[in-house]
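# Examination of the molecular architecture
Residues per chain, in single letters:
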Amino acid sequence: MELTILLPVYNEDKTIIEILTQIKNLNLKINYEVIVINDNSIDETKKLLGLNTHLYSKLINNIENSGKGFCVKKGLEISQGKYVIFQDADLEYDPKEFYKFINLINKFDPDLIIGSIILISSSPNFPFSPAWGFNPDTITLGFLILKSLFKLLYKHFILLNK
């Protein structure tokens, strides 16, 4: 298995089938699995997942709501992919972006790729955002420190800006 797509979900009955269908319809040209971790949803998410088992490889149903971090950890415990992509179920991120990651995997065999919707700015205030608030045109100092740390830890680190 080359790629695992982890999909932690909680109360996503409005979007779960659409996001899984989008993933299924990708022509990834790579051996992959989709692991859905249902965090004890109280809406129709669990029922919809049960009726659409063809859209994913593995399903974990948590007994109690334990949070996204717990779900990711549980998914990682059973994942078989050399690489892992985390995909939210709320349609905020387009699975078509997976192609960018796969191209980078094929080209560089990186240890880590981080996708970001934060764009780097040429603003004179860069990397600080005005009034300590989030400014989508800049990157925070904390982000730059994290990026530097990853560069030290991983031989091939790639930051992919959307």
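Residues numbered from 1 in each chain as written. Predicted model: local features only at pLDDT ≥ 70, side-chain atom pairs only at ≥ 80, totals over all residues. Heavy atoms only, no water.

### Thoughts on the overall build of the chain
Applied cut-off: By the criteria applied, helices consist of DSSP H or I runs no shorter than four residues and strands consist of E runs no shorter than two, each listed in order from the N terminus. Relative accessible area decides the class of each residue, using a 1.4 Å probe on protein chains only: under 20% of the type maximum gives buried, over 50% gives exposed, and in between gives partly exposed. By definition in these notes, contact holds between two residues if any of their heavy atoms fall within 4.5 Å. The Shrake-Rupley method, run with a 1.4 Å probe, gives the accessible areas here. Residue values count only the displayed protein chains as cover.
Scanning the chain from N- to C-terminus turns up five helices and six strands. When the helices and strands of the chain are listed from N to C terminus, the series reads β-α-β-α-β-α-β-α-β-α-β. Going through the 162 residues of the chain one by one, you find that 38% of them count as buried. Counting only contacts in the chain whose residues sit at least 6 apart along the sequence, the fraction spanning at least 24 positions is 68%. Total accessible area on the chain stands at roughly 9,700 Å², and carbon and sulfur atoms take up 56% of it.

### Details of helix 4 (residues 98-108)
What counts is decided by this rule: Read the arc as the range of directions from the helix axis to the C-beta atoms.
Taken residue by residue, helix 4 has Phe98, Phe101, Ile102, Leu104 and Ile105 as its buried positions. End-on view of helix 4: buried residues confined to an arc of 160°, all on one side of the axis. Residues of helix 4 that are exposed and point over 90 degrees away from its buried face: Asn103, Asn106 and Lys107.

### Overview of the sheet that holds strand 4 (residues 83-86)
For the record, the criterion: Being paired, for any two strands, means DSSP has found at least two bridges between them. What counts as an axis is a line fitted to C-alpha atoms, over the stretch in contact for a helix, and the angles between N-to-C directions run from 0 to 180 degrees.
Read across the open sheet, the four strands follow the order 3-2-1-4; overall the sheet is parallel. For this open sheet the edge positions go to strand 3 (58-61) and strand 4, each flanked by a neighbour on one side alone. Mean inter-strand twist for the sheet, computed between neighbouring axes without regard to direction, equals 20°. As defined by bridge partners, strand 1 (residues 3-9) adjoins strand 4 across four bridges and the pair is classed as parallel. Opposite Leu6, over in strand 4, you have Phe86 as the bridge partner. Strand contacts of helix 3 (residues 68-78): strand 1, strand 2 (32-38), strand 3 and strand 4, with the helix running at about 150° to strand 1, the strand carrying the most contacts.

### Points about the pattern of salt bridges
Filter applied, for reference: The rule for a salt bridge is simple: a side-chain nitrogen of Lys or Arg has to be within 4 Å of a carboxyl oxygen of Asp or Glu.
By the definition in use, this model includes six salt bridges. Asp13 is paired through a salt bridge with Lys14; the nearest N and O atoms lie 3.6 Å apart. Residue class for Asp13 comes out partly exposed when judged on its relative accessible area of 21%. A salt bridge links Lys58 to Glu33, with the shortest nitrogen-to-oxygen separation between them at 3.1 Å. You can see Lys58 sitting in strand 3 and its partner Glu33 sitting in strand 2, a full 25 residues away along the chain. Note on Lys58: relative accessible area 23%, which makes it partly exposed.

### A closer look at unusual backbone geometry
The phi angle at Asn11 is positive, at roughly 50°, despite the residue not being glycine. By secondary structure assignment, the location of Asn11 is in the loop between strand 1 and helix 1 (16-24). Backbone geometry places Leu91, a non-glycine residue, at a positive phi of 70°. Structurally, the position occupied by Leu91 is in the loop between strand 4 and helix 4.

### Details of the side chain of Asp88
Note the following rule: Any pair of nitrogen or oxygen atoms within 3.5 Å is treated as a polar contact; in protein, a donor-acceptor pairing is required on top of that, and neighbouring residues in sequence qualify only through side-chain atoms on both sides.
With respect to the secondary-structure elements, Asp88 resides in the loop between strand 4 and helix 4. A relative accessible area of 18% places Asp88 in the buried class. Here the side chain of Asp88 touches Lys68 through a polar contact of 2.7 Å, side chain to side chain. Contacts of Asp88, omitting those with residues within four sequence positions, involve Leu7, Ile19, Lys68 and Tyr93.

### Topic: the nonpolar core
Note on soluble globular proteins: their nonpolar side chains tend to be buried together. This is how the line gets drawn: Take the buried Ala, Val, Leu, Ile, Met, Phe, Trp, Tyr and Cys residues and link them wherever side-chain atoms come within 4.5 Å; each set so joined is a nonpolar core.
Judged by nonpolar contacts, the single largest core of 25 residues is most densely connected at Leu3, Leu7, Ile16, Leu20, Leu28 and Val36. Residue assignment for this core shows that the elements contributing at least two residues are strand 1, helix 1, strand 2, strand 4 and helix 4. Looking at which element gives the most residues to this core, the answer is helix 4, with five residues. If you look at the next biggest cluster of nonpolar residues, it comprises six residues, including Ile37, Ile60, Cys71 and Val72.

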